[in-house]
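# Chains, contacts and geometry: an overview
So the chains spell out like this:
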Amino acid sequence: MLANLIYIVALVLASPLVAYRMLRHGRYRRGIAQKLFGLTRVDAQVLLRASAGVVPHELHCEDELDAPADGHCVWIHAVSVGEVNLLPTLVRRLKRQIPHSRIVISTSTDTGYDLARKHFGDDRVFFCPLDFTWAVSRTFRNLCPELLVLTELELWPNMVGIAASCEVPVAVINGRLSPASTARYQQFARLTRPIFERLAWVGCQDETYRQRFVACGVDDSRLTVTGSMKFDNALLCRDNPDVQQRSQWAGVDAWHRVWVVGSTQAGEEAMALEVYQQLRSEFAELRLVIVPRHATRFESVASEIHSAGLVAHRRSCDASLDATSWDGDRVILVDTIGELKYWWGVGQIATVGGSFGKRGGQNMLEPAGYGSAVSFGPNTKNFNEIADRLLAAGGSVRVQDSVELREFVRRCLIDPPSADALGRAAREVVQKHRGATDRTVAQLMQWFPAATHRERAA
């Protein structure tokens, strides 16, 4: 009840900002009933029927079966786009192990919801209830899950507590804890430690994260270092239909050197445009693709491109280009969600955004998997372990500011063999650390031993 009171006070205090964003940007409107009151029985029945044979649409898994209504229900929660992108392969592997399972996916953001629907279908995804007891209890009561899986970390006291009261184990996959989060949890250990103590199992990305989970209250016997599923999620080949379709749409020619600046935050697009303006007169082959992190910034980024005296060619509404029409004055603006992992394969030079400000970086493994020459800024606190591995292997370059970024891109253009060597080293790092998804699925199967036995017998 104390948590409910805190949430209500916080919601009241934040209501002016919430109302502004709802009116100005249309945020928070979708799924409001599911968020505030949980899943109705009808909504749950639709989800469970549809998910009886759920596999990601894009994978075309041959193992899809029409499951009986009494199959195991697994609830997987992924906060937003980054977490949702980890799930398709995991779901496919789970379906192979427990083919009669009903796997439902929840998410918290509009962009995450849309991407999850793209992967898993409209009727297999729902908005996660806010952590009010009545909303969470209603969702558990109507879904009746046998396992709740949280992607990376999304711990809420009521959700974890109600799961425990319903005897539903809670597992965390691809778990990570930043130093700042760990310090906050320890500061309020009296409130947060019981949440960590109730976790049935945590698959950690590395040993450092494992130690932080121990410090926050998870019993050591319930922790496993599985590695990062992001390595498994990185594509390794540019020669696939999704990358080729985007290359053709952009009019990429063999002589072009495409620089993709992805997952950008405020200020990073302006820096990329400045560098591009400085280099494009010297290197006629250079082309620029910008992929902002958040949909709410698409219009402002388009305005920035026009203010720089360039033309924004928008993925969402503009026609495809040919090699002659994509000239140096035109910048590709990818104003869509869920496409970045393919656009990294279009370019040979990559700069990962979110790393020049306070954000803490974004996933640099996707361009690394393609063998791009990868760069990122000084702040990669959210991906330090991955960044350090790439840097140690000579598979990436850290730049401090626009001056160093310009020199990095310039070196890639002057000396393509060196840029290619940087990319090969990056790809080798990705290949070396794959396998976390299989290790995660193997651990999750401890709650379905009979299903594993039947699968092996079959």
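Residue numbers run consecutively from 1 along every chain, following the written order of its sequence. Only residues with pLDDT of at least 70 get local features here, since the model is predicted, and only at 80 or more are side-chain atom pairs given and counted; chain-wide, interface and lining totals rely on the full set of residues. Processing note: side-chain calculations cover all non-hydrogen atoms of the structure and skip hydrogens and water entirely.

### Section: empty space enclosed by the protein
For clarity, the threshold we go by: A cavity here means a set of 1 Å grid points, computed over protein atoms only, where a 1.4 Å probe fits but cannot escape. A pocket is an open set with protein on both sides within 12 Å along at least 5 of 7 lines, and lining residues have an atom within 4 Å of a point. Grid points are joined across faces, edges and corners, and a volume is the space filled by probe spheres set on the points. Each helix is a run of DSSP H or I of at least 4 residues and each strand a run of E of at least 2, with the numbering of both proceeding from the N terminus. Amino acid classes used here: Ala, Val, Leu, Ile, Met, Phe, Trp, Tyr, Cys and Pro are nonpolar; Asp, Glu, Lys and Arg are charged; the rest, including Gly, are polar.
Across all of its chains, the model carries 1 cavity of 30 Å³ or more by this definition. Empty space within the largest cavity amounts to approximately 30 Å³. Lining the largest cavity are Tyr185, Gln186, Ala189, Thr192, Arg193, Ala215 and Cys216. Elements supplying a minimum of two residues to the lining of the largest cavity: helix H9 (179-187), helix H10 (189-197) and helix H11 (207-216). Here the element with the most residues in the lining of the largest cavity is H10; it accounts for 3 residues. Residue composition of the lining of the largest cavity, grouped by class: 4 nonpolar, 2 polar and 1 charged.

### Some points on the sheet that holds strand S13 (residues 373-376)
Our working rule: If DSSP finds at least two bridges between two strands, the strands pair. Working rule for contacts: check all heavy atoms of both residues, and any pair within 4.5 Å makes them a contact. Axes here refer to lines fitted to C-alpha atoms; in helices the fit is confined to the stretch in contact. Angles between the N-to-C directions go from 0 to 180 degrees.
Strand order in the open sheet formed by 7 strands is S10-S11-S9-S8-S12-S13-S14, and the pairing between neighbours is parallel. Pairing within the sheet leaves two strands with one partner each, and these edge strands are strand S10 (311-314) and strand S14 (397-398). Across 7 bridges, the pairing between strand S8 (residues 257-264) and strand S9 (residues 286-292) is parallel. Across the sheet, residue valine 261 finds its bridge partner in S9, namely isoleucine 290. Each of S9, S10 and strand S11 (330-333) is contacted by helix H15 (residues 298-307), which is oriented at about 145° to S10, the strand it contacts most.

### What about the sheet that holds strand S3 (residues 125-127)?
The 7 strands lie next to each other as S3-S2-S1-S4-S5-S6-S7, forming an open sheet whose pairing is parallel. Across the chains shown, the open sheet's two edge strands, defined by having one partner strand only, are S3 and strand S7 (223-225). Neighbour to neighbour, the strand axes of the sheet diverge by 20° on average, direction disregarded. In this sheet, strand S5 (residues 170-175) lies alongside strand S4 (residues 147-151) in parallel orientation, the contact comprising 4 bridges. When the bridges of S5 are listed, valine 149 appears paired with alanine 171.

### Concerning unusual backbone geometry
As a rule of thumb, non-glycine residues mostly have phi less than zero, and peptide bonds are mostly trans rather than cis. Applicable threshold: Each residue's exposure class comes from its accessible area (1.4 Å probe, protein chains only) as a fraction of the maximum for that residue type: buried when under 20%, exposed when over 50%, partly exposed otherwise.
Of note in this structure, glutamate 167 is not a glycine but carries a positive phi near 60°. Looking at the element boundaries, glutamate 167 is found in the loop between helix H8 (157-165) and S5. A residue is classified by how much of its surface remains accessible, and glutamate 167, at 71% relative accessible area, is exposed. In the Ramachandran plot, asparagine 174 falls in the positive-phi region, its phi being about 55° despite a non-glycine side chain. Relative to the helices and strands, asparagine 174 resides in strand S5.

### So, the nonpolar core
For the record, the criterion: We call a set of buried Ala, Val, Leu, Ile, Met, Phe, Trp, Tyr and Cys residues a nonpolar core when their side-chain atoms join them within 4.5 Å.
In terms of nonpolar packing, the biggest core is built from 34 residues, with Trp75, Phe140 and Phe213 touching the most fellow members. Apart from residues lying up to four places away in sequence, phenylalanine 140 is in contact with Trp75, Pro145, Leu148, Met159, Ile162, Ala163, Cys166 and Val168. Judged by nonpolar contacts, the second largest core, of 33 residues, contains Ala250, Val289, Trp344 and Phe383.

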